[in-house]
Every structure is written in C-alpha cells, then in structure tokens.
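# Coordinate inspection notes
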Amino acid sequence: MCARVVVMFQPPACRPDRTGCHRNGLIVPLLLLLLLYSSLKAAQAAKPKGPGHTHLNSIRIDGDISLGGLFPVHARGHDGKPCGELKKEKGIHRLEAMLFALDRINNDNNLLPNITLGARVLDTCSRDTHALEQSLTFVQALIEKDGTDVKCLGGGSPIITKPERVVGVIGASSSSVSIMVANILRLFKIPQVSYASTAPELSDNTRYDFFSRVVPPDTYQAQAMVDIVKAMRWNYVSTVASEGNYGESGVDAFIQRSREDGGVCISQSVKIPREPKPGEFDKVIRRLRENPNARVVILFANEDDIRRLLHAAKKANQTGHFIWVGSDSWGSKISPVVHQEEMAEGAVTILPKRQSIKGFDRYFISRTLENNRRNIWFAEFWENNFNCKLSRHAVKKGSGLKKCTNQERIGKDSNYEQEGKVQFVIDAVYAMAHALHNMHQELCPGKVGLCAKMDPINGTHLLKHIRRLNFAGIAGNPVLFNENGDAPGRYEIYQYQIRNKTAEYKIIGHWTDQLHLNVRSMQWPGGVRQIPSSICSHPCQPGERKKIVKGIPCCWHCERCDGYQYQADTYTCKMCRFDLRPNENHTGCVPIPIVKLEWSSPWAVIPVLIAVVGIMATVFVVVTFIRYNDTPIVKASGRELSYVLLTGIFLCYATTFLMISTPDVGICSLRRIFLGLGMSISYAALLTKTNRIYRIFEQGSMSISAPRFISPASQLVITFTLASVQLLGVCIWFGVDPSKAIIDYEDQRTSNPTMARGVLKCDISDLSLICLLGYSMLLMVTCTVYAIKTRGVPETFNEAKPIGFTMYTTCIIWLAFIPIFFGTSQSTEKMYIQTTTLTISVSLSASVSLGLLYMPKVYVVLFHPEQNVPKRTRSLKAVVTAATMSNKFNPKAGLRPNGEAKTELCESLETQTFSTKQTYISYSNHAI
C-alpha cells in the first residue's frame, strides 16, 4: 500500500490572445478540479493494463496515437443520479461508428501507414457537468506528477501508470457539452471535432478556436427553417427551445434570420427548463394556444423534450392544430413520435444531408457479445435491444423478461435503423486521421511510424491541418471547414406523413444555400394537401392600406382608402390629384369626367324654347314696326328708341344660346360682352324714355319752353352713352383678365368620388357675374325710380304706365333670381340650376318688356287699324295742360282708345323748327 501522494501541477503557459493572457474566472475552478482528480488517481495503486482494458464509464483502445471520444451513451439521470437509461441510437450507434471508423483507418495501408490509432471513449450521460468531469481524463497526460514521496508498505518503488496522451477529441453530441468541454481542451491546445453540435455560439473562433465540426452550424439550419416558413407563406410562428446552448442559440439564430429577411414574426417564444417540473409541458401548450393564428411551432429541443411536448399537445386534444417544424435534433428519429404519430403528422423536420452507410450496417448487425467485448456498454445495449437479461438471477417472474441466449441477432430479432449522425461520426474520425496523416507527411517525410517531431504532437499544428482539409467523406460528400471550423450547410427536408395507416419520414426537399422544396409531395394532418395557414392577419383587399400593430410587423389592421384617396403603396393612402378621382377599388386614380350643359338636357331645352319663341316674337314685332313705320302708333312709340330697345330684347334672348354653348375662348368672350349688354341696351332705352317723360311733364308744368335733349337724336346719344359704360367695363375686364374656358373640379366635388365631375365653364365667378350684371341692375333700378315718379302721368300720355309695370315685374323677376342663383351654390346641380335660372330670368325680363310695351301696339296696328289715325296738333303747353286738366276733372278720358291726347302729344313733337327770333317753340320734330 502507498502512504500518500503529492501532486505537482504545472499549468501550461498562458497563451496570449486578443484580450491578453486568457485566465478568466472559468480556468481557476477547472484547474482546481484537475488537481483534485489527479490526486485521487495517483493515490490509487496502479498496475499495468493490457490492450483493450476497460475503465469505468470509458473505453480504452491502445494505439500509437490516441483520440478521445464523447458520446451520450446514457440519458440524463434523475433524482441525483448522473446517468439515466441507455440511448440505443444516439449513444451506441454513434459510439460504434467511431470504433468502426478506427478499424477502417487502422486497416488502411494508405492512411497513416504503420501508425495505429487508439481511443479513449467516455459517456457524457447527456449532461454538460458530467461530461466536464469525464473529459478531465483527456488532459491527465499533460499534468506532471511527482511520486518521490509515495511510499509503499513493502518498501518497493511505487508504480504510477502514465495515462495515454489524447491528441484530439471526437465529439461531443450536445452543443452545451461541447461548449463546456471546449473550454478545457483549448487550454491544453487539444483539437476537437464534433459530429452533432450545431450551436451558433461555437462558431466564435476567438473563444472556441480549437473547435471544429463536420456538421453545419444552426445559423444555416435556422436560415433553412426560415426559408421553409416563407415558402409555405407562414408569417406568424411560435418557437420552443430546450434550455441550453443548442436550443436557445438555435431559436436566437432563427429569430435573427427572420428579422433580417423580414416577413416572419414571433408570436410566442417559450423555453423548456433544463429540469422541467410536472405540468411544465402542459403550461407550454397553453401558451402556444394563446394565439390560435400561430399554428406553426419552431422546435429547437432535444428529443426527450420533443416527445413530452407532443404528449402534452395530445393530452390537450390539439391533434392536427399545431404544425411542427423541427430542427436536426428531431430529424428523422423514431423515438420522439412513438405512440403519438397522429400528433406529429405533418411535421417538417430538417437534418444535415446524409446517407446510410452500408458498411456500418453490415458491421453493426454482425456485433455480438463475443466479438464486441471492447464496448463495455454493449451488454447493456443487448439486454435493452432484445428485452432480455444476461443474468439468470435478474430475471423475475411476471416481469415479462427472459434470459438472453446470445443467439439473438441485431436486425433479425430486433428492429434496426441506422442513426442519422453515424455518417458524421465517421467523417469526424476520418478528419482527424487525414489531418494526422498530412502532418506526418510534413514533419516525418519518408519515415515509417512516428518521428521525434510528432512526439508529442503539437495541437496548434494539428489544428492548422484540420482546417486545411478537403477530402471525400464516407458517403462521398466533401468534408471541409471554413475559418471558424464550420462545415458547409447541406440539409435534407423531411415530413412525417401517415399513408395507409403507415407513418414514415419522407424526403420532400433539400437546402444548400437555397431551398428546393417539392410542395406537391407534402401532406398535412388528416391527409390534407392544402397548405395550412399560420398568419397573423389576412392580406388586405385592393384599396386598403396596412396599419401595422406596434411591435409586430406581421400583424396589421386593414384600413380602406376612402374619399379621394388611393392606395399609393402597402402602407400609404394618398390623395388623388385635383383633376383625378380614385378608381373603383381605390388602387389608382383616373381622370374625373368632364361635364357641360348639353343641348339635349332638360335644363337647356326649356331656356332654349323660351329664347326661340322670344326671338320669333321680337322679329315679328320688328317686322311689323318696319311695315307700319309711318303710322301714328309706331311714330307715337318713338321709333328710334323702340328699335334700340327691340335690339336689346333680341340680344337678351340670344344670350341663352351663348350660355348653353360649349365653353371656349370665343364663347366665353361673347358671354362677357352680350350677357350684360342686351340688358344694358334695353334698360338704357327704357331709362331714357322714362326720364324724357318725367322731364317733359316736370318742365311743362312750370314753363312753355321744352326740356333739353328730348329729340330722337339726343335720346339715341343718351341711350348709347349709357350702354357704352357696360362695354367699357367689359373692355377693362378683358385687359385685366383675358377670357378663357376652365374646368372647375371643385364645383361638383362630392363626398362620393364616383359622383365627382369636372365642370367645363367660363372663368366667370359669381362675383364677376354680379359685377357684370350690376350695371344693368343699376339701370333697371333707376328706370324703376323714374317709373314711380311718372306714375301720376295719365295713361293717355305716352308709355309711362306700361314702362312702370314692366319695371315692377322685372324687379320681381330679379329679386326671385338672386336667392335661387346663390342659394344653389353648394348644390351638385349648381351648373344646371344657375345657368337655367340666369337664362330664364334674362329671357323673362325681355319677354316682359316685349309683351307690355309692344304687343298692345302690334295688336292695334294689325287688328284695329281704325285706331291708328293721326290727330290734330296743338302746342306742347296746350297738350300738357289739357292732359293735366283731363286727368283731374275727367278720369275716364284715359279710357279712350289709344288716347287722343297721347297721340296728339307725340305727333306735335314729330317736327321742330328753330328760329332765334320766335317767342315760342314748335315741337313737331320731337318724337318720344
């Protein structure tokens, strides 16, 4: 027995890196753990161990160069136990794949000739802390031990076993285990090649510089999953991750990629604890059900968590609701879906592109308890695989177990399917072998076996050769690494389908930098071919903009572009230009229809009919007056002013046609000129008449002398002077603002765009129209005032009474016109109402003048010619005096047909002779 041991630990020199000497907080406890572990090992009585000797929880295979191996032979333990049940596929299959690769390499004369590869294989028990403790075995040889103080009871020298030097490590499987182990191995410069760890964190070459992997990182996998989601047109998904580097890093990578690519939003992001409590998975399902629109669930979880999650969903009666998109931890494994196939139906999974290795199948099927004693866990696998017990005493009655006969055969007496990562385990071992082979050729050219330069093997130098590799793997795919030690991304896409009550994983596509998916071969829960939806909001209809929900770019409310707005883009509604209106679905703008007053419109037919009748009547009166120009009644009416007045009446009727004609520069110019001119001429003539009558009777009652400017020539000059004021104003208007036709889009811009119209009209505003007609109104009002003043003149004298009635009626017409015209300024029928009202008002004014002033005369001329006879002529004084007295003492004198005094008065003024020596004046040449 040895009394005690003193261990001296000399840590490797601190290697400078970007942050200086790398002695962080993790190194100190690791070194203390190493010291304790080495002390316990040295204190044991050591003795030589032959080739193939097995250690507790490890396999040792002797060789010239030893490789480490880390495999999850057992699941994670519970209730304080480090290890749980055996993992047949992920554990034994992968472990045997390494042993198979070592056998092939050692039997290959072209790869590492005369050099034998050995191994130290450890069980990580699927737990990172346990794997860390086990992996300390790999660095034992790098710890210098001092055995001078070790004394044996027999007095002999102590025998201390020198552990094999591990030059590289194959593994681990779980990313969290690889991260933990990589932190130790980098301290001792031991390269590590993983066959299954895909966490993006391991791509950080500043922290995990001695780590490489033959599988692509989850950044590629996450991109592939994002591409799948987008190809299915899903934009609202949930994520579920197992606590740890693999799950959390994978989900983080997926979220980051989805944000970079856009179009995918996360509804719920749920994490499964490392040690889930009872009911934890039921709680996860309840959270996933909070938003029923997010049917797709992205899974970065280990297979145990996947199995329990599917069970919880089945228990919650959610079969067919969730669409699972699983990472490579699900892949094409059977264990997560056993007894819950309907719950997993339609699941889309991803797995690094691989092939089944036929040579490994033959190797593994041939394994028996006799020829596979080097695998210390193979007996446990045998019992588990064949549901038997090797020891007779372990078989209990009623347990359903039997004693193993050793005649059982894998694949014959049990189901066998090659585990998905077998190819990558073999490629990882070959990668290490090729790197050692290239290093040997460089350092030991032409030498057989190892040379001094490779004893010991420099880990940094070996890492350089690993990163330079590019060779064909066991399945023919190229094996190479980038500067971060990552393999290129090559994935196969699977879907779990049930056909004819048979469930299977079917390859539906692949991903190599971009997605290639056979959508037609996909089948969803219930055998449905139509792709299920997983969207937050349905697409907006044409003419609707998206109003994004704050913080969730995939969720929005659809708002209609109403009124005169159109959909400018997905998120914006804009107003159409003033001359445009939105089309039927508000996706663009179209020109607003242009309207004008058509000749066929009822609004135009009535004014035109009135104007035509009025023009015909006016022409008839003019023709009659010309035909009977020299008769007393025509003379008595004042022929010159009558023709002027009839011209004004004709222009008033003609204005109707200008107002209805299609506006252009010419029509608009004529409107400006003639709209007010006809009325100005008419009312100027009537004003001249009423003013003349007023002055004659006012002057005649006080003096025998006649008033000035009562001759026909003077009356014409006065009339045309008054009318020229209108023309002068129009000319000034033309100079300030030339006439033009415009399209008014505001006139009929209704709240409903479909009813909007552009009105083609002249640039005459309501204010301009008032100014245009204002002068005529002034003449009309003045004429009305004189008509009121001459209201006392008897009917037998001239036309004072008919002119008065004419002006009273005209005032009533225009007083009615004003509220109708301006009261409809907001009406959609404004153009029609105002134009019709204006033209009818002008025509009615002309009709009143024509009817009251001239129709009685025409009637007498045509139907009572006996009354159209000349009367005797008296002096003005006598006529006026006689008329005044007749009005006072014989009111009925005015009932005489045509009034003799009136005719006499008019005729007495027909001729006039002037003499400077006369004491009285003759008015024979003055006509009214």
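Details of the structure are given in the entry above.
Overview of the structure. Note that the coordinates shown come from a computational prediction; the quantities given were computed from them, not determined experimentally.

How each quantity is defined
- Residues numbered from 1 in each chain as written.
- Predicted model: local features only at pLDDT ≥ 70, side-chain atom pairs only at ≥ 80, totals over all residues.
- Heavy atoms only, no water.
- Helix = DSSP H or I, 4+ residues; strand = E, 2+ residues; numbered from the N terminus.
- Buried < 20%, exposed > 50% of the residue type's maximum accessible area, 1.4 Å probe, protein only.
- Contact = heavy atoms within 4.5 Å.
- Areas by Shrake-Rupley, 256 points an atom, 1.4 Å probe, with all protein chains shown as cover.
- Pairing = 2+ DSSP bridges.
- Axes fitted to C-alpha atoms, helices over the stretch in contact; angles between N-to-C directions.
- 1 Å grid on protein atoms, 1.4 Å probe; cavity = no way out; pocket = protein on both sides within 12 Å on 5 of 7 lines; lining within 4 Å.
- Points joined across faces, edges and corners; volume = space filled by probe spheres on them.
- Nonpolar A, V, L, I, M, F, W, Y, C, P; charged D, E, K, R; others polar.
- Core = buried A, V, L, I, M, F, W, Y, C linked by side-chain atoms within 4.5 Å.
- Disulfide = S-S within 2.5 Å.
- Patch = residues over 30% accessible without salt bridge, like charges linked within 9 Å, V, L, I, M, F, W, Y side chains within 5 Å.
- Salt bridge = Lys/Arg side-chain N within 4 Å of Asp/Glu carboxyl O.
- Lys, Arg positive; Asp, Glu negative; His and termini not counted.
- Charge placed at Lys NZ, Arg CZ, Asp CG, Glu CD.

## Brief notes about the overall build of the protein chain
A tally of helices and strands in the protein chain yields 24 helices and 32 strands. Within the protein chain, buried positions represent 51% of all 928 residues. Long-range contacts, defined as pairs at least 24 residues apart, comprise 68% of the intrachain contacts of the protein chain with a sequence gap of at least 6. When the accessible area of the protein chain is evaluated, it comes to approximately 42700 Å², of which 56% is carbon and sulfur surface.

## Considering the sheet that holds strand S13 (residues 265-272)
Reading across from one edge, S13-S12-S14-S15-S16-S21-S22-S23 is the order of the eight strands in this open sheet, with mixed pairing throughout. Each of the sheet's edge strands pairs with one partner strand only, and the pair in question is S13 and strand S23 (515-517). Geometrically, the sheet is characterised by an average inter-axis angle of 25 degrees between neighbouring strands, direction not taken into account. As defined by bridge partners, strand S16 (residues 348-352) adjoins strand S21 (residues 491-499) across five bridges and the pair is classed as antiparallel.

## A word on empty space enclosed by the protein
Scanning all chains against the criterion turns up three cavities of 30 Å³ or more. Here the second largest cavity defines a volume of roughly 140 Å³. Every residue lining the second largest cavity is counted, 14 residues in all, and those nearest its centre are Val214, Phe424, Pro478, Ala487 and Arg490. For the lining of the second largest cavity, the elements supplying multiple residues, two or more each, are helix H12 (422-443) and strand S20 (478-480). The residue inventory of the lining of the second largest cavity, partitioned by class, reads nine nonpolar, two polar and three charged.

## Considering the nonpolar core
Formed by 68 residues in total, the largest nonpolar core has its most connected members in Met98, Leu117, Tyr195, Phe360 and Leu436. Take this core: its biggest share by element is 14 residues, from H12. In this structure Met98 touches Leu67, Gly68, Gly69, Phe71, Ala119, Val121, Ile170, Val425 and Val429, once residues within four positions along its chain are discounted.

## Topic: the state of the cysteines
Across all of its chains, the model carries nine disulfides by this definition. A sulfur-sulfur separation of 1.8 Å characterises the disulfide bridge that pairs Cys388 with Cys404. The S-S bond linking Cys388 to Cys404 shows a torsion near 95 degrees; that makes this disulfide right-handed. A residue pair is termed long-range when its members are at least 10 positions apart, and Cys388 in strand S17 (residues 388-389) and Cys404 in the loop between strand S18 (402-403) and H12 qualify at 16 residues. Like Cys388, the residue Cys404 is buried in the burial classification. Linked covalently through their sulfurs, Cys444 and Cys451 form a disulfide whose S-S length is 1.6 Å. Residues Cys444 and Cys451 are joined through a disulfide that is left-handed, its torsion about the S-S bond being -60 degrees. Judged by its relative accessible area of 9%, Cys451 falls in the buried class.

## Here we look at a positive patch on the surface
Taken together, the side chains of Lys277, Lys283, Arg286 and Arg289 define a basic patch exposed on the protein surface. Among the structural elements, Lys283 can be located in helix H7 (residues 280-288). Judged by relative accessible area, which is 43%, Lys283 ranks as partly exposed.

## Describing the environment of Gly346
For Gly346, the position within the fold is in the loop between helix H9 (341-344) and S16. With a relative accessible area of 0%, Gly346 lands in the buried category. As for Gly346 and Ile323, which are separated by 23 residues in sequence, their C-alpha atoms are 6.5 Å apart. Residues in contact with Gly346, not counting those within four places in the same chain, are Ile323, Trp324, Gln495, Tyr496, Gln523, Trp524 and Pro525.

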